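Residues per chain, in single letters:
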Amino acid sequence: MDFTKIKPIHLDILREIGNIGAGHAATALSTLLNKAVDMKVPSVEVISFDEITEMVGGSENIVASVFLRIIGEAPGCMFFMLPIKQAEQLLFDIFGGQDIDLDDRFTSEMSLSALQEIGNILSGSYLTAFSDFTKLNLQPSVPATSIDMAGAILSFGLFEISTVSDFAIVIDTAFVDMKNEDEVKGHFFLLPDPDSFEKIFKSLGVPLA
Amino acid sequence: MSNIVKVGIAELDLVVPPDTIRTTGLGSCVGVILYDEIKKIAGLAHVMLPDSTLAKAASINIGKYADTAITSLYDMLIKRGAIKRNMKAKIAGGAQMFQFSSGSEMMRIGPRNVESVKSQLADLGIPIMASDVGGSSGRTIEFNPESTELSIKTVNMGTKIL
């Protein structure tokens, strides 16, 4: 994997994957919540490890996250990550108006389980769209949930890429509220493994030169 | 006026009083502190991977791997006047952030980092005075070279001092 070979067209391809994938996930979320959900134009960036955690408000910022491994022809990691407040709001909507406190151990197990299932459904739609678009065979692993520091969580997705580089290509799509564009509901991070990029580009007819 | 020296992922740095040294969001990464409490000098490495033989890149970032990070931190400290027989270590991190039923090797990266850090320190003959490793929580750590106290903050368990 040679980052210098990546041309603007390759970044466009990755952006389109984020667009199609998160578009499907947003639709799924919208159906779950029975209300409109919008998303931002995906950003695709080659960034250092420290910059990745800045994307979610710094390494120490506490987030709720669902993580899964992508298994198959183009392996990688996927995170559905959202601020605690937004996670509580999401669960409030799902549970039909029941107040959720993610700090409370008593309600947490049920909440975490619900969150994991939401993450599973959304990542599943993202991945299906990704797989259909590229004609690559991709399956999700069983998801895992964690509420912790963003840095600690995200670094888990960096191990594959960190053996070859000090930078990662991150495909980030943010969900926003229809009425209030500034209010980010959550992020989808797709981090393909280093060897997967070539397969993705090849499958779409633009191999790295 | 004391400052906080910040160490990012896969980086390493040194500190002398009255400053303190800190790294945030340690997940399966391990924070390794080497210090000479008599000369009052300390170093911190934010180790990401257990072994530089995992590297597939032509040039390697020495701060990323347990083996290269610890030896270079050690050399840096010696160069700055630390004495080998005074050298001690404190370590924290190496959590398993997500639990998976299918335990592939990659998912065990936290415990592997801890094992590797411990064996590197043993090879250098540096005793580990305190450690807070494993579990499933992220940690933010800060070391004070004056008091040699290591403060460890987690999301669920507040702050503790080792």
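Residues numbered from 1 in each chain as written. Chains lettered and ligands numbered in written order. Predicted model: local features only at pLDDT ≥ 70, side-chain atom pairs only at ≥ 80, totals over all residues. Heavy atoms only, no water.

Draft legend 1. Seen up close, the sheet that holds strand β7 (residues 128–133) of chain B. Residue and element names in this part refer to chain B. Spatial ordering of the open sheet is given by β2-β5-β4-β6-β7, a layout of five strands whose pairing is mixed. The strands lining the two open edges of the sheet, one partner per strand, are β2 (12–15) and β7. This sheet shows a mean twist of 15° between the axes of neighbouring strands, independent of strand direction. (Pairing = 2+ DSSP bridges. Helix = DSSP H or I, 4+ residues; strand = E, 2+ residues; numbered from the N terminus. Axes fitted to C-alpha atoms, helices over the stretch in contact; angles between N-to-C directions.)

Draft legend 2. Summary view of the UniProt feature "domain: CheC-like protein" (unreviewed entry) in chain A. All names here are of chain A. Sites flagged by UniProt as "domain: CheC-like protein" (unreviewed entry) map to residues 9–45 and 110–147. Between the C-alpha atoms that bound residues 9–45 there is a distance of 13 Å. The span itself is 68% helix and 16% strand. Strand forms 18% of residues 110–147 and helix 66%; the C-alpha atoms that close the span are 14 Å apart. (UniProt positions renumbered as here; feature names shortened; annotations may be inferred.)

Draft legend 3. Inspection of the interface of chain B and chain A at higher detail. Facing 35 residues of chain B, the contacting portion of chain A comprises 30 residues. Across the interface of chain B and chain A, roughly 2700 Å² is buried in total on both sides, 65% from carbon and sulfur atoms. Joining chain B to chain A, the criterion identifies two salt bridges. For glutamate 60 of chain A, the salt bridge goes to lysine 153 of chain B, with nearest N and O atoms at 3.0 Å. Put simply, chain B and chain A have seven residue pairs in polar contact (both at pLDDT 80 or more) between them. Sort the elements by how many residues they give to the side of chain B that touches chain A and strand β3 (residues 20–26) of chain B lands first, with four residues. (Contact = heavy atoms within 4.5 Å. Buried area = accessible area lost by both parts, 1.4 Å probe. Salt bridge = Lys/Arg side-chain N within 4 Å of Asp/Glu carboxyl O. Polar contact = N/O pair within 3.5 Å; in protein donor to acceptor, adjacent residues only side chain to side chain.)

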